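Here are the chains, one letter per residue:
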Amino acid sequence: MTPHVTFRQLPVFVCVAQDGTVIAAARRLSLSQSATSQSLADFERQLGVDLFERLGRRLRLNDLGRSLLPRAERLLDGMAEFIAAAEEPEGGLRGTLMVSASTTIGTYLLPPLAGNFCNEHSEVDLRLRLRNTSDVITDLLHFDADIGLIEGVCHESRLVSQAWHKDKMVIICSPGHALAQKKQLDDADLDQAAWILREPGSGTRDVFESAVLHHVERLQVRMELSQSEAIKQSVKAGFGLGCLSYLSVVGELQRGELVALESKLTLSRSFSLVWHPERYRSPLWQAFKVFLLDDGNFPYANIHY
């Protein structure tokens, strides 16, 4: 006889598997603890198998449960897409998508991408928020954004991320700086220089510090600024060295307003797409993600580092 499993039971199974307790799952699903526990018990009974190991109040997936969890998640995603398709019988994309992006991406990459996407889909409203990387993560965790774009790697285990595009950061100075003519900075140069950097929590700052602190015991930070443009202006004025995405300084480098300095530091990184696995991923969400991942849509594909 075919098991009588319902779609009401699947979210209970998935939430208990992700959260580890019936209490946490019940809170997330806005159900009572008893209703959640009963639904999970019915789910296992209908299937005729145990999916969890019981460790006091905690429940841990057994081998069978771990193998079934991705299928359950795909079924839930498929149901959400089915419902969305029923609400959009003509197949056209419409609606609002909240996008939270870190500053470099939000300033230099996202505007042309968003504009081109909206030109293709006139009934779509993309709402963009420029944040630093840690704030983008917070937006996603609080369900204040549908998708995030950050610099570097996402270390938040509650979120899902996917590498997007490669980026390179460069150390910059003014043409009149004492180090402007040096072929390669050594550790003493890095240690003694005055630095103008992004604020803590910025992906640009995190990548730079991870690279430089293997060579320098303590950075001499003269200024912390929240905008790349402010850093560029301060570096142009000769107040110190900066480190920014190549995308943000390519124009100044080509015009000779700034100088790129070579060093032993590894300053390459990836931009990442990030989202909350429990956030509803509508057809609009799916279409925008596909659009972003299409290399043909990348606005600076002709830039060679």
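Residues numbered from 1 in each chain as written. Predicted model: local features only at pLDDT ≥ 70, side-chain atom pairs only at ≥ 80, totals over all residues. Heavy atoms only, no water.

Caption draft 1: Broad picture of the packing of helix H2 (residues 22-29) against helix H3 (residues 33-47). For the pair H2 and H3, interaxial distance at closest approach is 9 Å and the crossing angle is 110°. Considered as vectors, H2 and H3 are oriented roughly perpendicular to each other. Counting all contacts with H2, which are made through Val22, Ile23, Ala25 and Ala26, the residues of H3 involved are Gln33, Thr36 and Ser37. Tallied by class, the residues present in the contact of H2 with H3 amount to four nonpolar, three polar and no charged. (Axes fitted to C-alpha atoms, helices over the stretch in contact; angles between N-to-C directions. Helix = DSSP H or I, 4+ residues; strand = E, 2+ residues; numbered from the N terminus. Parallel < 35°, antiparallel > 145°, perpendicular 65-115°, else oblique. Contact = heavy atoms within 4.5 Å. Nonpolar A, V, L, I, M, F, W, Y, C, P; charged D, E, K, R; others polar.)

Caption draft 2: The arrangement of the packing of helix H1 (residues 9-19) against H3 in detail. Look at H1 against H3: their axes get within 9 Å of each other, and the N-to-C directions meet at 105°. The pairing of H1 with H3 is recorded here as roughly perpendicular in orientation. On the side of H1, the interface is formed by Gln9, Leu10, Val12, Phe13 and Val16, while H3 contributes Thr36, Ser39, Leu40, Asp42 and Phe43. Among the residues forming the contact of H1 with H3, the class breakdown is six nonpolar, three polar and one charged.

Caption draft 3: Representation of the layout of surface pockets within the structure. Counted as a void, the largest pocket has a volume near 520 Å³. Taken together, 21 residues form the lining of the largest pocket, with Leu76, Asp77, Pro277, Glu278 and Arg279 sitting closest to its centre. Elements represented by at least two residues in the lining of the largest pocket include exactly H1, H2 and helix H4 (63-87). Among the elements that take part in the lining of the largest pocket, H4 stands out by supplying eight residues, more than any other. Looking at the lining of the largest pocket residue by residue, the class counts come to 13 nonpolar, one polar and seven charged. Put simply, the parts of the chain that give the lining of the second largest pocket at least two residues each are helix H7 (133-141), strand S5 (147-151) and helix H9 (203-212). Here the lining of the second largest pocket is built from residues that sort into five nonpolar, six polar and three charged. (1 Å grid on protein atoms, 1.4 Å probe; cavity = no way out; pocket = protein on both sides within 12 Å on 5 of 7 lines; lining within 4 Å. Points joined across faces, edges and corners; volume = space filled by probe spheres on them.)

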